[in-house]
Amino acid sequence: MEQAQRAAGGLRARYDAVRAFTESLCAPLCPEDHVVQSMPDASPVKWHLAHTTWFFETFVLGERAGYTPFHPQFGYLFNSYYVSVGERHSRPQRGILSRPTVEETTRYRRHVDERMRALLDELAAGRHVADLAFTIEVGLHHEQQHQELILTDLKHAIAQNPLRPAIFGGAQPGRGGGAAGELRYLDHAEGVRWIGHGGGAFAFDNEAPRHRVFVGAFALAERPVTCGEYLAFMRDGGYARPELWLSSGWDAVVANRWEAPLYWERRDGGFELFTLHGLREVDVDEPVCHVSYYEADAYARWAGARLPTEAEWETAAQGALAGAEESRGGAAAGEAALEGNFAERRRYHPEPAAAPSRPGALRQMLGDVWEWTSSAYAPYPGFRPWSGALGEYNGKFMSNQLVLRGGSCATPASHIRATYRNFFPPDARWQMSGIRLARDV
């Protein structure tokens, strides 16, 4: 009982921290920033604020006898894709909802927060802990996913504005890291490896079960591809050479007139890029960002390399973690050795890689940019989705998507791990997606 009460107390503190961080992301915004939707794949900030609140109201508070929803229509407006829960407002039309207002959405969050905190206090007192704690934890990680989406969806919307406003102030935070240097590859021997989450701490259902795979010998780049390296691809006619592209990738290049990563703009014979801190020059040492799978694959082919499989990526990351723990002592040191820059630093933009923690160490495996893999998003052997409506969370999207690994500069640090499987269609560019190369050995 006492252990459960401590766990519930920690859950209350985490709830407060996650909800507060979401609102801190929105603090610099005006009401108009909250309501714009720039494409069907993105959502207005106001919708994210309401949807994450709807999750707790529906799956936690709504399971308790006597709870009355804040508004009878919010379940329809702010359900995302949970078919088993009820009908939903059309995703491409979320931006036409002038009502509820931002102020009413804020009151909705306050209403649910008050009742959630009362419930969490009951959990701390030792009542009905096990049946609710897991769903609350899912809701917190769900909200952290939407924290990243708030940043990436807002960036896409603001980038359409010809004024190119600096949402988070015009001064970019100080640059970290240093000169990228020559790209090196680290060899990994073949063998039977374990991948997937092994239990204990929280993980999404698509990360399990832990299972064995045979991984052939491969070499993995020690860091992501930089803007300078990607510029060389562009100057060599990378976007004009169909032999480098998958057929559907070339179709996307032609149809969308791609000639550079998303948010890059030609200026005086060179390029600037748009960030949430405004326009700035392209930094040749920072990881290239906002490229699709098609672009990552074409670049890899041009560079005489390929994209890693997710099994290669994960086994390399796990090996690097183990090596860092051995050299520094402790799992926390190992995690720190792999971390790049995350949402908590409030840069919201990748930065150049820091010097390796030790000779031959992988850099920026976590943070800065999500890294495309060549693996289709598919179930692991023995995969079982969560029970009930939460089973719709991941499994039903296992079609026509590619896996990305590692997190980004918009990902909360407490949300990422080496087993985390992100997924997007191959033409997606508005997420903080980059490239890490691999080669056969």
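(A) Fine view of helix α8 (residues 247-256). When we look at burial in α8, the residues that qualify are Gly249, Ala252 and Val253. Along the axis of α8, the buried residues cluster in a sector spanning 100 degrees; they form a single face. Away from its buried face, by an angle of more than 90 degrees, α8 presents the exposed residues Ser247, Val254 and Ala255. A positive backbone phi angle near 55 degrees is found at arginine 257, which sits one or two residues after α8.

(B) Quick peek at the pattern of salt bridges. If you walk through the whole model with that rule in mind, you get 33 salt bridges. In this structure, arginine 417 and glutamate 207 form a salt bridge, with 2.7 Å as the shortest nitrogen-oxygen distance. Residue arginine 417 is located in the loop between β9 (402-405) and β10 (422-424), and its partner glutamate 207 is located in the loop between β2 (191-195) and β3 (211-215); the two are separated by 210 residues in the primary sequence. For arginine 417, a relative accessible area of 11% corresponds to the buried category. Of the residues examined, glutamate 207 reaches a relative accessible area of 0% and is grouped as buried. Residues arginine 241 and aspartate 236 are paired through a salt bridge, measuring 2.8 Å at the closest nitrogen-oxygen approach. Each member of the salt-bridge network shares a partner with another, and the members are Arg19, Glu23, Arg109, Arg110, Asp113 and Glu143.

(C) Main features of the side chain of serine 43. Here serine 43 lies in the loop between α2 (31-35) and α3 (45-59). There is a polar contact of 2.7 Å between the side chain of serine 43 and the side chain of arginine 94.

(D) Representation of the sheet that holds β10 in the model. If you walk across this open sheet you meet the four strands as β10-β9-β8-β11, and the pairing is mixed. Sheet topology places β10 and β11 (433-434) at the edges, where each strand pairs with a single neighbour. The sheet contact formed by strand β8 (residues 370-376) and β11 spans two bridges and is parallel. Within the sheet, the bridge partner assigned to glutamate 371 lies in β11 and is glycine 434.

Calculation criteria
- Residues numbered from 1 in each chain as written.
- Predicted model: local features only at pLDDT ≥ 70, side-chain atom pairs only at ≥ 80, totals over all residues.
- Heavy atoms only, no water.
- Buried < 20%, exposed > 50% of the residue type's maximum accessible area, 1.4 Å probe, protein only.
- Helix = DSSP H or I, 4+ residues; strand = E, 2+ residues; numbered from the N terminus.
- Arc of directions from axis to C-beta.
- Salt bridge = Lys/Arg side-chain N within 4 Å of Asp/Glu carboxyl O.
- Polar contact = N/O pair within 3.5 Å; in protein donor to acceptor, adjacent residues only side chain to side chain.
- Pairing = 2+ DSSP bridges.

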